[in-house]
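Structural overview
For reference, the chains in residue letters:
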Amino acid sequence: MSEEPVYRAIFFGRARIGEMINIFKDIRLRPEDFSSPVAIQMALSRIYEGLMRSLTSEPKKTYVAEVSFQDSMGNTIVFATDLGENIPPFSSQTVKVKIVVEFYSEDQNI
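The following paragraphs examine the structure supplied in this document. Given the structure is predicted, the values throughout are model-derived calculations rather than measurements. (Residues numbered from 1 in each chain as written. Predicted model: local features only at pLDDT ≥ 70, side-chain atom pairs only at ≥ 80, totals over all residues. Heavy atoms only, no water.)

**With respect to the overall build of the protein**
Scanning the protein from terminus to terminus reveals one helix and four strands. Ordered by position from the N terminus, the helices and strands of the protein form the series β-α-β-β-β. Over its C-alpha atoms the protein spans a radius of gyration of 18 Å, topping by over 25% the 13 Å that the globule rule assigns to 110 residues. The buried share among the 110 residues of the protein stands at 22%. Considering only contacts in the protein between residues 6 or more positions apart, those separated by 24 or more positions represent 68%. Surface accessibility of the protein: about 8,800 Å² in total, with carbon and sulfur atoms responsible for 56%. (Helix = DSSP H or I, 4+ residues; strand = E, 2+ residues; numbered from the N terminus. Rg over C-alpha atoms; globule rule 2.2 N^0.38 Å. Buried < 20%, exposed > 50% of the residue type's maximum accessible area, 1.4 Å probe, protein only. Contact = heavy atoms within 4.5 Å. Areas by Shrake-Rupley, 256 points an atom, 1.4 Å probe, with all protein chains shown as cover.)

**A few points about the pattern of salt bridges**
Applying the stated criterion across every chain yields a total of six salt bridges. Taking the shortest distance from any N to any O, the salt bridge between Glu19 and Lys61 comes out at 3.3 Å. Residue Glu19 is found in strand 1 (residues 7–21), and its partner Lys61 is found in strand 2 (residues 61–70); the two are separated by 42 residues along the sequence. Take Glu19: its relative accessible area is 51%, and that puts it in the exposed class. For the salt bridge of Asp33 with Arg46, the shortest nitrogen-to-oxygen distance reads 2.8 Å. Placement of Asp33 in the loop between strand 1 and helix 1 (37–54) and of Arg46 in helix 1 is noted, with a sequence separation of 13 residues between them. Judged by relative accessible area, which is 5%, Asp33 ranks as buried. (Salt bridge = Lys/Arg side-chain N within 4 Å of Asp/Glu carboxyl O.)

**With respect to the nonpolar core**
Counting residues in hydrophobic clusters, the biggest one holds ten residues: Ala9, Phe11, Ala15, Ile17, Ala65, Val67, Phe69, Val95, Val97 and Ile99. Those elements that provide at least two residues to this core are strand 1, strand 2 and strand 4 (94–103). If we skip the residues at most four places from it in the chain, Ile99 touches Ala9, Ile10, Phe11, Gly13, Val67, Phe69 and Phe79. (Core = buried A, V, L, I, M, F, W, Y, C linked by side-chain atoms within 4.5 Å.)

**Comments concerning the sheet that holds strand 4**
Taken in spatial order, the four strands make up an open sheet running 3-2-1-4, and their pairing is antiparallel. If you trace the sheet from one side to the other, it starts and ends with strand 3 (76–84) and strand 4, each paired once. Each strand of the sheet is rotated relative to its neighbour by a mean of 35°, with strand direction disregarded. Relative to strand 4, strand 1 runs antiparallel, the two sharing ten bridges. Its bridge partner being in strand 4, Tyr7 is matched across the sheet by Phe103. (Pairing = 2+ DSSP bridges. Axes fitted to C-alpha atoms, helices over the stretch in contact; angles between N-to-C directions.)

**Brief notes about the side chain of Gln108**
Positionally, Gln108 belongs in the segment after strand 4. One polar contact links Gln108 to Glu3, side chain to side chain, over a distance of 3.4 Å. Excluding anything up to four places from it in sequence, Gln108 contacts Glu3, Glu4 and Val6. (Polar contact = N/O pair within 3.5 Å; in protein donor to acceptor, adjacent residues only side chain to side chain.)

Spatial relationships are all this shows, so hold off on functional conclusions.
So, in structure tokens, the structure goes:
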């Protein structure tokens, strides 16, 4: 039995739905990759290795939602969630989202 959260915050935002080939999930750029010319070169090497590995695996299409909302401090938060291999039942590529954040004490079982 799970316990009730100590606090719950609810945010509203938007999500953009799109297709992604699963082999590209491992290929990503991080902010620290742009910290210096050497960091950029290391990131390019990492991307190149990922692309080479992808040539040996079978590509599958998956649907992803890029979720965007503003937090309580006015910062824009962006994250992605995998929606699976089937087309989501939305009439548009842009949809509304509700984000629920629940806070629990360290000793609570969730």
